[in-house]
Amino acid sequence: MEQHDSTFGVQLFIYDLSRGMARQLSPIMLGKQLDGIWHTSIVVYGEEFFYGGAGISSCPPGGTMLGPPDTVVQLGNTEVTEEIFMDYLSSLGETTYSGDKYRLFEHNCNTFTNEVAQFLTGNKIPSYITDLPSEVLSTPFGQVLRPILDSIHIAPPGRNVISSQNNHS
């Protein structure tokens with residue numbers, strides 16, 4: 001009893017920010033193999049939605065400076081309308097996912113996509129993505145790098161869905 005007219009496909013776009021370097025250098029630097037440094041976004045209603053230091057943003061699919069994704073995962077379908085979804089994003093952007101709340105290890109693009117994926121489809125994003133910060137921080141080198149990495153705010157350019165107040169300098 002599926003109504004294809006009222007369902008929308010939901011995809012997870014996965015980008016390796018290291019462009020393959022994590023796979024080569026992680027055994028030496030961390031003592032364990034990492035396949036990538038993951039940035040993720042949700043694609044639904046013909047737009048790509050992501051979170052970074054500028055808050056929640058969107059662009060045409062594959063339209064960030066990262067180019068096309070390295071991997072696309074079909075998360076399922078949603079019956080949530082675009083209007084309800086945009087209201088949901090507005091609420092998230094004003095509270096949980098404003099730009100000033102971005103934290104590289106604890107509250108990042110992958111935290112956002114995992115929450116949005118569950119809202120739209122009931123499915124989580126793959127655990128190898130959400131587990132990456134704890135894998136890095138479990139190493140001595142990860143602990144040494146943490147203060148430096150905590151200061152990094154990743155904000156791929158896109159149209160802001162939600163603008164933070166006082167973020168127009």
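All of these numbers come straight from a predicted model, not from anything done at the bench.

Digging into the environment of I37
Moving on, step 1. Looking at the secondary structure, you find I37 in the loop between α1 (21-29) and β2 (38-44).
Moving on, step 2. For I37, a relative accessible area of 32% translates into the label partly exposed.
Moving on, step 3. When the C-alpha positions of I37 and G20 are compared, they lie 8.6 Å apart, and in sequence the two are 17 residues distant.
Moving on, step 4. Residues within four places of I37 in sequence aside, it is in contact with Y15, D16, L17, S18, A22 and L132.

Quick notes on a nonpolar patch on the surface
Moving on, step 1. A cluster of nonpolar residues, M21, L25, I28, M29, F141 and V144, forms a patch on the protein surface that exposes about 560 Å² of accessible area.
Moving on, step 2. Taken together, the elements giving at least two residues each to the nonpolar patch come down to α1 and α6 (140-150).
Moving on, step 3. Looking at the nonpolar patch, the element that brings in the most residues is α1, giving four residues.
Moving on, step 4. Along the chain, the position of M29 falls in helix α1.
Moving on, step 5. Overall, the relative accessible area of 39% leaves M29 in the partly exposed class.

Here we look at the environment of E47
Moving on, step 1. Along the chain, E47 turns up in strand β3 (residues 47-52).
Moving on, step 2. Overall, the relative accessible area of 15% leaves E47 in the buried class.
Moving on, step 3. Along the primary structure E47 and G62 are separated by 15 residues, whereas in three dimensions their C-alpha atoms are 9.1 Å apart.

Basis of the calculations
- Residues numbered from 1 in each chain as written.
- Predicted model: local features only at pLDDT ≥ 70, side-chain atom pairs only at ≥ 80, totals over all residues.
- Heavy atoms only, no water.
- Helix = DSSP H or I, 4+ residues; strand = E, 2+ residues; numbered from the N terminus.
- Buried < 20%, exposed > 50% of the residue type's maximum accessible area, 1.4 Å probe, protein only.
- Contact = heavy atoms within 4.5 Å.
- Patch = residues over 30% accessible without salt bridge, like charges linked within 9 Å, V, L, I, M, F, W, Y side chains within 5 Å.
- Areas by Shrake-Rupley, 256 points an atom, 1.4 Å probe, with all protein chains shown as cover.
- Salt bridge = Lys/Arg side-chain N within 4 Å of Asp/Glu carboxyl O.

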